[in-house]
Structure formats: C-alpha cells, structure tokens
Amino acid sequence: GFLQAFSGLLSSEADEISDKNGIDLVKEKVNKVWVMAGKWDEDGGMEHNFCNNHRSRKAARIFCEKCPVPVTFLGFEIGADVISGQHLSDSVLRDVLVDHGSEKGRYSWDPMTAVLALTGNPEAAGYTLVKGTASVSEADGRNFFTENENGLHCFVKRRFSAEYYSDIINSL
C-alpha cells in the first residue's frame, strides 16, 4: 500500500526518543517487509499505490532507495483477476463487502499479500521470486526493476491459477 509512513521513518533522524535514525531502527527491528504495490510485469509499470499523488510517488521512491532490509512486492498484476469473498454466508465481513459494493467478491491484492507474509516463504505460498533492485520515478510513479541475485528487493510471480489463490483466501 501507500508508503508515506514507512518512508517518513526511513528519513527520520535521531531524536529525544531514540538515538538512532530511522534506517538504523529498521535495521535493528525489521527482518523483511512485504508490500502490495507496483506493477512488475512491464518495465515502467504504473500502479495506484505508487502513482496516486505526489506524496505517494515521493514516498515510494524514498522507500525503494533507503529501505535497508529485504522487501518483497506483490504487484497489481498478481491479484487483478483473483476474487475472494464471493461465497461468504451471513457475516460481518459479508455485510462489509455488500456495503462496499462488492457483494460478488473483491479483488484480493491485500489478502494475497497478507497470506504471502504470514506464510513467510513465497515458494510455499505458490509464487516464484524475481530478485533485484526496485525503483520508482517521483515524477510519475512508474516502477522499474533491475534483476540482480544480490538485490534487496524482489517481486512475486504466480505459479498457479487465480482460483488457487482465491480458494486459499476463502478458506481462511
């Protein structure tokens, strides 16, 4: 999602609360970051969480440049055809989907990212990793990726059909 808070942390200096800057705090407290953002199936892809406005574009650029720990991105293309929640019985969650206008289910980018992070192993969750370095243009929010086995960034590619991922989310 939007990376303004995280990029703010990464840009912060030591203060009266901590003698460490944001990068050092992340190095000390965070092992890995999982992010639903970007469109990685094309160079210069555009996706809402990076492109929404100047704040989101700047935050995404700062995050990609400064985050000192491994980052796995789940991009727009991964969940664009995965619908979940369409078979919910009467429940609070079903009411939320109906109120949202998604009574036939909802695109599953965020649930897919949550399952990916909770699994902690992209291959076990049904994905292939592409490792390298991500960057985001502050001017327009386009994302770019340079493959490199030693890069801190990666994005996932699906190995299975949309129904496979939808079934996992719906079972939860």
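What comes next concerns the included structure. Counting restarts for each chain, with residues numbered from 1 along the sequence as it is written. Reporting of local features is limited, given that this is a predicted model, to residues whose pLDDT is at least 70; pairs of side-chain atoms are given and counted only at 80 or more, and all residues count toward the totals for whole chains, interfaces and linings. Water and hydrogen atoms play no part in the side-chain values, which are based on all heavy atoms of the structure.

A short note on the packing of aromatic side chains
Inference 1: Aromatic pairing here means that ring centres of Phe, Tyr or Trp (its six-membered ring) are within 6.5 Å. Orientation follows from the plane angle: under 30 degrees is stacked, over 60 is edge-to-face, and everything else is tilted. A complete count under the given rule lists 14 aromatic pairs for this structure.
Inference 2: When the centroid spacing of 5.1 Å and the interplanar angle of 80° are considered together, the rings of F6 and F63 count as edge-to-face. Placement of F6 in helix α1 (residues 4-11) and of F63 in helix α4 (residues 54-66) is noted, with a sequence separation of 57 residues between them.
Inference 3: Taken together, a centroid distance of 5.8 Å and an interplanar angle of 80° make the contact between W40 and F145 edge-to-face. In this pair, W40 is assigned in the loop between β1 (33-36) and α3 (48-51) and F145 in strand β6 (residues 143-147), connecting sequence segments 105 residues apart. The same class applies to W40 as to F145, namely buried.
Inference 4: A connected cluster of aromatic rings, assembled from ring pairs, spans F6, W40, F50, F63, F73, F145 and F155.
Inference 5: Note on geometry: a ring has a charge over it if NZ (lysine) or CZ (arginine) is within 6 Å of the ring centre and within 35 degrees of the ring normal. Directly above the ring of W34 sits K32, whose terminal nitrogen or CZ lies 4.9 Å from the centroid. By definition, any uninterrupted DSSP run of H or I lasting at least four residues is a helix, any uninterrupted run of E lasting at least two residues is a strand, and each is numbered from the N terminus. Relative accessibility under 20% of the residue-type maximum defines a buried residue, over 50% an exposed one, and the middle range a partly exposed one, all with a 1.4 Å probe and only protein chains included.

Here we look at the pairing of strand β2 (residues 71-74)
Inference 1: Along β2, one buried face is formed by V71 and F73 and the opposite face, lined by T72 and L74, is buried too.
Inference 2: With four bridges connecting them, β1 and β2 associate as parallel partners. Across the sheet, the residue bridging to V35 is F73, located in β2.
Inference 3: Sheet analysis places β2 next to strand β7 (residues 153-158), joined by three bridges and oriented parallel. Bridging across to β7, V71 finds its partner in H153. One requirement defines pairing of two strands: DSSP has to find at least two bridges between them.

Points about the pairing of β6
Inference 1: Sheet topology places strand β5 (residues 127-136) next to β6; five bridges connect them, and they run antiparallel. Along β6, the bridge assignment pairs T133 with T146.
Inference 2: The antiparallel hairpin formed by β5 and β6 contains six residues in its connecting segment, where G141 sits at a positive phi of about 85°.

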